Amino acid sequence: MIARRTLGLVLTVGLIGIAPAEAQEEPPPPEVPAVVQIEDPAGDSNYLNSQGVGLPFGGDQTTPADLTVSDILKVWWTNDAETISAHFQTEAPPPSSNAAYLFRVFTNPGTDAEDGCLWWEAVVEGPTFQGDPFARLRDMCAETDPVEGTLTISTLEDETGVITITLPRESNAAFAAGGTIVAPIAEVRNATGATGAGPVTAPVADDTKVGTDYTIVDETKKKKKKKKKGKPKSAASLVLLTGGSFRVL
Ligand SMILES: [Ca+2]
Ligand SMILES: [Ca+2]
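Scoring rules and cut-offs
Residues numbered from 1 in each chain as written. Chains lettered and ligands numbered in written order. Predicted model: local features only at pLDDT ≥ 70, side-chain atom pairs only at ≥ 80, totals over all residues. Heavy atoms only, no water. Helix = DSSP H or I, 4+ residues; strand = E, 2+ residues; numbered from the N terminus. Buried < 20%, exposed > 50% of the residue type's maximum accessible area, 1.4 Å probe, protein only. Contact = heavy atoms within 4.5 Å. Areas by Shrake-Rupley, 256 points an atom, 1.4 Å probe, with all protein chains shown as cover. Disulfide = S-S within 2.5 Å. Donors = N, O, S within 2.8 Å, 3.2 Å for Na, K, Ca; no water. Tetrahedral: all angles 85-135°; square planar, octahedral: opposite > 155°, others 65-115°. Pairing = 2+ DSSP bridges. Core = buried A, V, L, I, M, F, W, Y, C linked by side-chain atoms within 4.5 Å.

Bringing the overall build of the chain into the picture now. Summing up its helical and strand segments, the chain has 2 helices and 13 strands in all. The buried share among the 249 residues of the chain stands at 36%. Residue pairs at least 24 apart in sequence account for 62% of intrachain contacts in the chain once pairs closer than 6 positions are excluded. Summed over all atoms, the accessible surface of the chain reaches about 15,600 Å², with 57% contributed by carbon and sulfur.

Spelled out as structure tokens, the structure:
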């Protein structure tokens, strides 16, 4: 019996020793950089804008009553060697109890100069959309299939939200080294329906003016500093080490 107990103890210790690896920690929320590509007023998510069809409301009109999840504050891009991300900061993070929303930013005017060739899109969950949230890139000039992206939703310390669309750099020629994300314009629309049938994306809750360009930056490998050879210690150090000797070598 003793031997069995001992074996049991060993096995228990052994099992503890090979416990599964800890669950992966959530990545830290994105930091809002000092310089962003688009800045938009808070308090103007009220549908008073052109609705994407030139209605004469101008946009960016703040009103006492407005929505928060669909209120764009800032839009910016980041990239690393493998991916590029578009970030939308909003007054509050999704989901909203009112509706699901489409977050979209048009960039890179080309042959589709009015709206931009690249449509970065994310549909977040909400009571008006019966489908899974998704993120994607549509190249309206190349007319290729949409590229599936990764959707991330974060809450910052100030309770604002960040919706992030991340795409592989290899998914579009514009994302190559030295490439530029040009003339971004963002909007948030109500999203209604289901995955298979849409969703229908109207009306426009908030939109922005044209922002500034983002140039993709690739970090170059840092050069290792060569150690300086043979430099003698300073006289002061030498004095200290030799316990007060004034002899200078
Ligand atoms: Ca606006
Ligand atoms: Ca806004």
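What follows covers the state of the cysteines. In total, this model carries 1 disulfide according to the counting rule given. Paired through a disulfide, Cys-117 and Cys-141 show a sulfur-sulfur distance of 1.9 Å. Here the disulfide of Cys-117 and Cys-141 is left-handed, its torsion about the S-S bond being about -80 degrees. One end of the pair, Cys-117, is in the loop between β4 (100–107) and β5 (118–124); the other, Cys-141, is in the loop between β7 (134–139) and β8 (147–155), and 24 residues separate them in sequence.

Here we take up the coordination of the calcium ion (ligand 1). By definition of the ideal shapes, four donors in a tetrahedron about a metal sit 109.5 degrees apart, and six donors in an octahedron sit 90 or 180 degrees apart. Listed as protein donors to the calcium ion (ligand 1) are Asp-40 (OD), Asp-40 (OD), Asp-44 (OD), Asp-60 (OD), Asp-206 (OD) and Asp-207 (O); their distances from the metal cover 2.2 to 2.6 Å. Seen from the calcium ion (ligand 1), its 6 donor atoms lie at angles of 51 to 167 degrees, and the figure they make is irregular. All donors of the calcium ion (ligand 1) come from a single chain, and their spacing in sequence reads D-x3-D-x15-D-x145-D-D. Here the calcium ion (ligand 2) and the calcium ion (ligand 1) are spaced 3.9 Å from one another, each receiving a donor from Asp-40. Of this pair, Asp-44 sits in the loop between β1 (38–39) and β2 (72–79) while Asp-60 sits in the loop between β1 and β2, and the two are 16 residues apart along the sequence. Judged by relative accessible area, Asp-44 falls into the buried class, the value being 1%. Classification of Asp-60 as partly exposed rests on a relative accessible area of 21%.

On to the coordination of the calcium ion (ligand 2), then. Within the protein, Asp-40 (OD), Pro-41 (O), Asp-44 (OD), Asp-71 (OD), Ile-72 (O) and Asp-206 (OD) serve as the donor atoms for the calcium ion (ligand 2), at 2.2 to 2.5 Å. The site at the calcium ion (ligand 2) holds 6 donor atoms, and with the angles between them running 79 to 172 degrees, its shape is octahedral. Of note, the donors binding the calcium ion (ligand 2) are all from one chain and are spaced D-P-x2-D-x26-D-I-x133-D.

Take the pairing of strand β9 (residues 161–168) next. Burial of β9 is extensive: 7 of the 8 residues sit out of reach of the surface. In this sheet, β9 lies alongside strand β3 (residues 83–90) in antiparallel orientation, the contact comprising 8 bridges. Looking at the pairing, Ser-85 lines up with Thr-166 of β9.

On to the nonpolar core, then. Soluble globular proteins: nonpolar side chains tend toward being buried together. Core analysis: the biggest nonpolar cluster contains 30 residues, and Trp-77, Ile-84, Phe-88, Trp-120 and Phe-175 have the highest contact counts within it. Of all the elements, β5 adds the most residues to this core, at 4 residues. Not counting residues within four places of it along the chain, the set of residues in contact with Phe-88 comprises Lys-74, Val-75, Phe-103, Arg-104, Val-105, Gly-161, Val-162, Ile-163, Ile-165 and Ala-186. Counting residues in hydrophobic clusters, the runner-up holds 6 residues, among them Leu-102, Val-123, Phe-134 and Ala-191.

Turning our eyes to something else, we now look at the pairing of strand β11 (residues 185–194). Here β4 pairs with β11 via 7 bridges, running antiparallel. Among the inter-strand pairings, Ala-100 is bridged to a residue of β11, identified as Ala-191. Of the pairings in the sheet, the one linking β11 to strand β12 (residues 200–207) comprises 5 bridges and is antiparallel in character. Along β12, the bridge assignment pairs Thr-192 with Val-200.

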